Amino acid sequence: MTNKKQETVDTLWVKYRKTLEMLNDTLDELEKKPKEVEVIKEVEVEKEVEKVVEVEADIDLSTPSDVAKLEKKIEDRLNKDDKLQG
């Protein structure tokens, strides 16, 4: 049971890593394009339901180092862009 849960967490890290890589690639592409911004406001209504389930499991939830590096790289890029625009 624990192995299945750890596999699920590991799968989520793989998907998150891929998402960060795609975000980083998109930021590269945006730097190449002219800056033109159109602001469209949309309102979405979400309903949040909280469900508490207690389960004992030995799962490693620590952030993998490559994911942490990607997060830092993207954060630094976004902060740099904010400083340039400010």
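Everything numeric here is computed off the predicted structure, so don't read it as measured data.

(A) Just the overall build of the chain, in detail. Check the secondary structure of the chain and you find 2 helices and 0 strands. For the chain, whose C-alpha radius of gyration is 18 Å, the value lies well above the compact-globule estimate of 12 Å for 86 residues. Projecting the C-alpha coordinates of the chain onto the three principal axes gives extents of approximately 50 × 35 × 20 Å. Expressed as a percentage of its 86 residues, the buried residues of the chain come to 13%. Across the chain, the fraction of contacts at a sequence separation of at least 24, relative to all contacts at a separation of at least 6, is 97%. Taken together, the 17 basic and 24 acidic charged side chains of the chain have centroids lying 4 Å from each other.

(B) Region of interest: the side chain of Asn24. Here Asn24 is to be found in helix 1 (residues 2–32). With relative accessibility at 7%, the residue Asn24 sits in the buried group. Excluding its chain neighbours within four sequence positions, the residues that come into contact with Asn24 are Lys73, Ile74 and Arg77.

(C) Structural context of the environment of Asp58. On the secondary structure map, Asp58 appears in the loop between helix 1 and helix 2 (65–85). Taking the relative accessible area as the measure of exposure, Asp58 reaches 66% and is therefore exposed. Sequence spacing of Asp58 and Gln6 is 52 residues, and the spatial spacing of their C-alpha atoms is 8.1 Å.

(D) Examining the nonpolar core more closely. Residues Val9, Trp13, Leu20, Leu27, Val67, Leu70 and Ile74 constitute the largest nonpolar core, which totals 7 residues. Secondary structure elements with two or more residues in this core: helix 1 and helix 2. By residue number, the principal contributor to this core is helix 1, which donates 4 residues. Beyond its immediate stretch of four places on either side in the chain, Val67 contacts Trp13, Tyr16, Arg17 and Leu20.

About the criteria used
Residues numbered from 1 in each chain as written. Predicted model: local features only at pLDDT ≥ 70, side-chain atom pairs only at ≥ 80, totals over all residues. Heavy atoms only, no water. Helix = DSSP H or I, 4+ residues; strand = E, 2+ residues; numbered from the N terminus. Rg over C-alpha atoms; globule rule 2.2 N^0.38 Å. Buried < 20%, exposed > 50% of the residue type's maximum accessible area, 1.4 Å probe, protein only. Contact = heavy atoms within 4.5 Å. Lys, Arg positive; Asp, Glu negative; His and termini not counted. Charge placed at Lys NZ, Arg CZ, Asp CG, Glu CD. Core = buried A, V, L, I, M, F, W, Y, C linked by side-chain atoms within 4.5 Å.

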